[in-house]
Amino acid sequence: MTALTLRLRPEVDEAIDLSGLTPNQLLEAKPETLARIKLNGCAGRVRLADAFECAQGDASETAEVCIEGHSGLLNGVAAGLEHGSFCLRGHFGDALARGMRGGHVELRGRCGDFAATGMRGGHLLIRGEAGDHLGGALPETGAGMAGGTVVINGSAGHQLGNRMRRGLIIVNGDVGEYLGARMLAGTVMVTGQVGAHAGYNLRRGSLWLNAEGLEIPQNFADCGVTESVYSALFTAHLKRLSRKAAALLSHADTIRLYRGDLCNGGLGELLVFATS
C-alpha cells in the first residue's frame, strides 16, 4: 500500500536532484515539514511542495513512497538507499538507485543513464527501458556494481555492467555494445540480442547470452557444450526473479561455454544458450 504519493507538477521544466531523499524521511515528516524540504534544482534550491503535489495515503507495515515523474527531470532517485521502498511511475532521469545499499525500487517507465552505478545491495526492478552504463562504475571511484539485483523488463543501452564486481543483472530485452566490459565478477543475463564487443577486457564473472545474432569476440576460447549443475541451479534461482528468463534458459537446446578475455587470463565466462 502506498503511504505517500509525490506527483511532479506539470509546469516543472527543470531537472531536480532527489539524491539522499529516503522513504523513511518522507513518511516520518509532518505535512508542514514535508512541504519545506529543500531540493536541488538547476536554478537553485526548490521547496518540495513547489515541485510536487503530495497525496497522503494509509500507512502500513509495507508502506512505500510513490513518485510520479515526467520528461526525465528527476535525477538521483533512491541514490544511496538503505531501507524502505520506492514505487516510481513515468520517465525518470539519470543515476537511479546510484550507490543503493538496500531496500526495493520498482520503476514502471524508463530511466536515463548510470542507473545502479556502484550499487551494493537491494533490489531494482525496471519495467521499461534503461539508458547507458547501468550497473557500471562510479566516476569518483571507478568501481562498478558490487551487490544487489537488477531486473529490466525492457532494453538497456551501452556498457551495461562496466567494471561490475558482484551482483546480478537480468535484462529481458536487448542490450547495446560493450556489455560487461572490464567486469571483475558478478553475473549478467540477457534474453534478447547483444551489441558488439560483449565481454571486452573481461577478467572474471559470467555473461549468459542469447545465441541469436551474437558476435563471439575473438579473444574467447570455445570450450564446447556444457551441462553443468550450475546451469540448473542458476535456472532455479531465476524463477524467483524473472519467469521469462528462467523459461528461456530451461528450454535451451544447448548452452555453450566460451572462456576469456584471453588477454586477461581467460577466467571470465560467456555462456551462450540456443533455442530452436
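Throughout this description, residue numbers start from 1 for each chain and increase along the sequence as written. Selection of residues for local features in this predicted model requires a pLDDT of at least 70, selection of side-chain atom pairs for listing and counting requires 80 or more, and totals for whole chains, interfaces and linings are taken over all residues. Only hydrogens and water are removed before side-chain values are computed, so all heavy atoms of the structure are retained for them.

### Thoughts on the overall build of the chain
Filter applied, for reference: Comment: elements are numbered from the N terminus, with helices defined as DSSP H or I runs of at least four residues and strands as E runs of at least two. The globule rule is 2.2 Å times the number of residues to the power 0.38, and the radius of gyration it is compared with is taken over C-alpha atoms. Residue burial is assigned from relative accessible area. The probe radius is 1.4 Å, only protein chains are included, and a residue is buried under 20% of its type maximum, exposed over 50%, and partly exposed in between. Note on contacts: a residue pair qualifies if any of its non-hydrogen atoms lie within 4.5 Å across the two residues. To be clear on the numbers: accessible area is Shrake-Rupley with a 1.4 Å probe, and residue cover counts the displayed protein chains and nothing else. Positive: Lys, Arg. Negative: Asp, Glu. His and the chain ends are not part of the count. Where a charge sits is defined by one atom per residue type, namely NZ (Lys), CZ (Arg), CG (Asp) or CD (Glu).
Per the secondary structure count, the chain includes 5 helices and 17 strands. Taking 276 residues into account, the globule formula puts the C-alpha radius of gyration at 19 Å, and the chain, at 20 Å, falls close to it. Taken along its principal axes, the extent of the C-alpha atoms in the chain is 65 × 35 × 25 Å. Within the chain, the proportion of its 276 residues that are buried is 51%. Looking at the chain alone, contacts between residues at least 24 apart form 42% of all its contacts between residues at least 6 apart. Carbon and sulfur atoms make up 46% of the accessible area of the chain, which amounts to about 12,400 Å² in all. Here the chain carries 26 positive and 28 negative side-chain charges, and the mean point of each set is 6 Å from the other.

### Quick word on the nonpolar core
Note the cut-off: Throughout, nonpolar core names a set of buried Ala, Val, Leu, Ile, Met, Phe, Trp, Tyr and Cys residues whose side chains join them through atoms within 4.5 Å.
Counting residues in hydrophobic clusters, the biggest one holds 62 residues, and the most contacted among them are Leu 26, Phe 52, Ile 67, Leu 96, Leu 160 and Leu 179. With 3 residues, strand S1 (residues 2-8) is the single largest residue contributor to this core. Aside from chain neighbours lying at most four places away, what touches Ile 67 is Leu 6, Leu 18, Phe 52, Leu 74, Val 77, Phe 86, Cys 87, Leu 88, Arg 89 and Phe 92. The next biggest cluster of nonpolar side chains, apart from the first, holds 16 residues, and it includes Leu 125, Phe 234, Leu 238 and Leu 249.

### Remarks on the packing of aromatic side chains
Put simply, the test is: Pairing of aromatic rings covers Phe, Tyr and Trp, the last counted by its six-membered ring, and requires centre-to-centre distances within 6.5 Å; plane angles under 30 degrees mean stacked, over 60 mean edge-to-face, and any other angle means tilted.
What the rule picks out here adds up to 2 aromatic pairs. When the centroid spacing of 4.7 Å and the interplanar angle of 25° are considered together, the rings of Trp 208 and Phe 234 count as stacked. With Trp 208 in strand S14 (residues 206-210) and Phe 234 in helix H4 (residues 229-238), the pair connects residues that are 26 residues apart, well separated along the chain. For the pair Trp 208 and Phe 234, one class covers both residues: buried.

### Some remarks on the pattern of salt bridges
The test is simple: Each reported salt bridge corresponds to a side-chain nitrogen of Lys or Arg within 4 Å of a carboxyl oxygen of Asp or Glu.
Here the structure, examined in full by the defined rule, presents 7 salt bridges. Among the salt bridges present, the one from Asp 222 reaches Arg 256, with a minimum N-O distance of 3.0 Å. Placement of the pair is Asp 222 in strand S15 (residues 221-225) and Arg 256 in strand S16 (residues 254-260), with a sequence separation of 34 residues. With a relative accessible area of 31%, Arg 256 lands in the partly exposed category.

Limitation: the analysis is restricted to geometry and does not speak to function.
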